[in-house]
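Architecture and fold: a report
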Amino acid sequence: MDLKVIHDNILFELNKSIEGYISPAEMDEILDRAQMEEFRYLIGDERTIQAGRAVATPSYGQLVKTSTDLEPFKKTFQFISRDYTPAISNGSGPSGIIVLPSDFLYPNSIVLSSQHRRIRIVNENELAFILDSPVLAPTIQRPIAILGNVGGLVNNYPVTNKKIQLFPNIGNSGIVYYFARPVKPNYVETISGRTRTYNQAASTQMEWNDVAINRVIERALKIAATHLKDATTLQINAQKNVS
């Protein structure tokens, strides 16, 4: 669905019951917040996890529909065993660190190329136990991984992206399957006097399919309505203070 159609749909619904103005830039911010709420919901909101049910509701992988809605955000990144340098940004050597793409948001899985085996992602609490275990200790053929933080140095080069640390701490080859962050919408228009002209080619469109975008619009309407009511309240209070 085109971004102008999305903007117009939201403004049409708001104008039926609420007076106020939302600029295109504000609308883009509202849409971005709404799409991130929808994205988190579809991935599996950890706030819905309950005792005796360790899976969020809903959760990616449970329904084909959920998988289809998230399709635009599924990405892959192939890493190799060569040493990381700015020119070879997918190198994982010499220390087994994978520098992830800038749009990386959540990992899905990591697969080792040589064995076609899934690399287990563990948390820091498990790491020491696994590394010290004579049975579970990782090998080059059966590595494990943890998610690293943002930035730092890799092979003495500064990086700004998130990272994955492989164990053993040596270069390896494989594919990271991950979810990318939905791109932020950007409504571009030109203004000549009182005439506003939408520039579709220069605008950044939303990536959701039409069914999913309608749910994003519903979320955006709630956020926009709250925004306008708050703005009206502030305006009324300001007038009272002046009078």
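Right, let's walk through the structure included here. Only a predicted model underlies this, so the values are computations on that prediction, with no experimental measurement involved. (Residues numbered from 1 in each chain as written. Predicted model: local features only at pLDDT ≥ 70, side-chain atom pairs only at ≥ 80, totals over all residues. Heavy atoms only, no water.)

**Description of the nonpolar core**
Counting residues in each nonpolar core, the largest one holds 29 residues, and the members touching the most others are I10, L31, F39, M206 and W208. For this core, the secondary-structure elements that each account for two or more residues are α1 (3–15), α2 (24–44) and α5 (210–242). With 9 residues, α5 is the largest single contributor of residues to this core. Ignoring sequence-local partners within four residues, the contact set of W208 consists of Q35, E38, F39, L42, D69, F73, P182, I213 and V216. Ranked by size, the runner-up nonpolar core spans 14 residues in total, among them F77, I110, L112 and I119. (Core = buried A, V, L, I, M, F, W, Y, C linked by side-chain atoms within 4.5 Å. Buried < 20%, exposed > 50% of the residue type's maximum accessible area, 1.4 Å probe, protein only. Helix = DSSP H or I, 4+ residues; strand = E, 2+ residues; numbered from the N terminus. Contact = heavy atoms within 4.5 Å.)

**A closer look at the sheet that holds strand β6 (residues 144–147)**
Taking strand neighbours across the sheet as the criterion, the 8 strands line up as β2-β1-β10-β4-β5-β6-β9-β3 in an open arrangement whose pairing is mixed. Strands at the two margins of the open sheet, each flanked by one partner only, are β2 (91–93) and β3 (97–99). Each adjacent strand pair in this sheet contributes to an overall mean axis angle of 35°, direction not counted. With 2 bridges connecting them, strand β1 (residues 74–83) and β2 associate as parallel partners. Residue pairing in the sheet places I80 in a bridge with G91 of β2. Strands in contact with α2 are β4 (104–112) and β10 (174–180); relative to β4, the strand with the most contacts, it is inclined by about 35°. Packed on one face of the sheet, helix α4 (residues 124–131) meets β5 (117–121), β6 and β9 (163–167) and runs near 155° to β6. (Pairing = 2+ DSSP bridges. Axes fitted to C-alpha atoms, helices over the stretch in contact; angles between N-to-C directions.)

**Description of unusual backbone geometry**
Between G93 and the following residue, P94, the backbone shows a cis peptide bond with an omega angle of 0°. Within the secondary structure, P94 is located in the loop between β2 and β3.

**As for the packing of aromatic side chains**
Applying the stated criterion to the full structure yields 7 aromatic pairs. A ring pair is formed by F39 and F73, whose centres lie 5.7 Å apart and whose planes are at 85°; its orientation type is edge-to-face. Of this pair, F39 sits in helix α2 while F73 sits in the loop between α3 (64–69) and β1, and the two are 34 residues apart along the sequence. The same class applies to F39 and to F73, which are both buried. For the pair F39 and Y106, a centre-to-centre distance of 6.2 Å together with 10° between the ring planes defines the contact as stacked. Placement of F39 in helix α2 and of Y106 in strand β4 is noted, with a sequence separation of 67 residues between them. Counting every residue linked through ring pairs, the aromatic cluster contains F39, F73, Y106, F179 and W208. Taking the ring centre of Y41 as reference, the NZ or CZ of R219 above it sits at 5.5 Å. (Phe/Tyr/Trp six-rings, centres within 6.5 Å; stacked < 30°, edge-to-face > 60°. Lys NZ or Arg CZ within 6 Å of the ring centre and 35° of its normal.)

**Let's talk about the packing of α1 against α2**
Closest axis-to-axis distance for the α1/α2 pair is 11 Å, and the angle between their directions is 90°. One finds that α1 runs roughly perpendicular with respect to α2. Contacts between α1 and α2 involve L3, I6, H7, I10 and L11 on the former and, on the latter, P24, M27, D28 and L31. By residue class, the composition of the contact of α1 with α2 is 7 nonpolar, 1 polar and 1 charged. (Parallel < 35°, antiparallel > 145°, perpendicular 65-115°, else oblique. Nonpolar A, V, L, I, M, F, W, Y, C, P; charged D, E, K, R; others polar.)

**A few points about the pairing of β5**
Taken together, the 3 bridges between β4 and β5 define a ladder with antiparallel strand orientation. If you follow L112 over to β5, its bridge partner there is R117. Taking the residues between adjacent antiparallel strands as the criterion, β4 and β5 are bridged by 4 residues, where H116 takes a positive phi near 50°. Across 2 bridges, β5 lies against β6 in parallel orientation.

**With respect to a nonpolar patch on the surface**
A contiguous nonpolar patch, built from F129, V135 and L136 and spanning about 350 Å² of accessible area, is present on the exposed surface. Its location among the elements puts F129 in helix α4. (Patch = residues over 30% accessible without salt bridge, like charges linked within 9 Å, V, L, I, M, F, W, Y side chains within 5 Å. Areas by Shrake-Rupley, 256 points an atom, 1.4 Å probe, with all protein chains shown as cover. Salt bridge = Lys/Arg side-chain N within 4 Å of Asp/Glu carboxyl O.)

**What about the pattern of salt bridges?**
Evaluation of the coordinates by the stated rule reveals 12 salt bridges. Where R219 meets E37, a salt bridge forms, and the shortest distance between an N and an O atom there is 3.8 Å. Of this pair, R219 sits in helix α5 while E37 sits in helix α2, and the two are 182 residues apart along the sequence. The exposure class assigned to R219 is partly exposed, which follows from its relative accessible area of 23%.

**Things to note about the pairing of strand β12 (residues 195–198)**
Here strand β11 (residues 189–192) pairs with β12 via 4 bridges, running antiparallel. Within β12, the residue paired with S192 across the bridge is T195. The turn joining β11 and β12, which pair antiparallel and follow one another in sequence, is formed by 2 residues; a positive phi near 65° is taken by G193.

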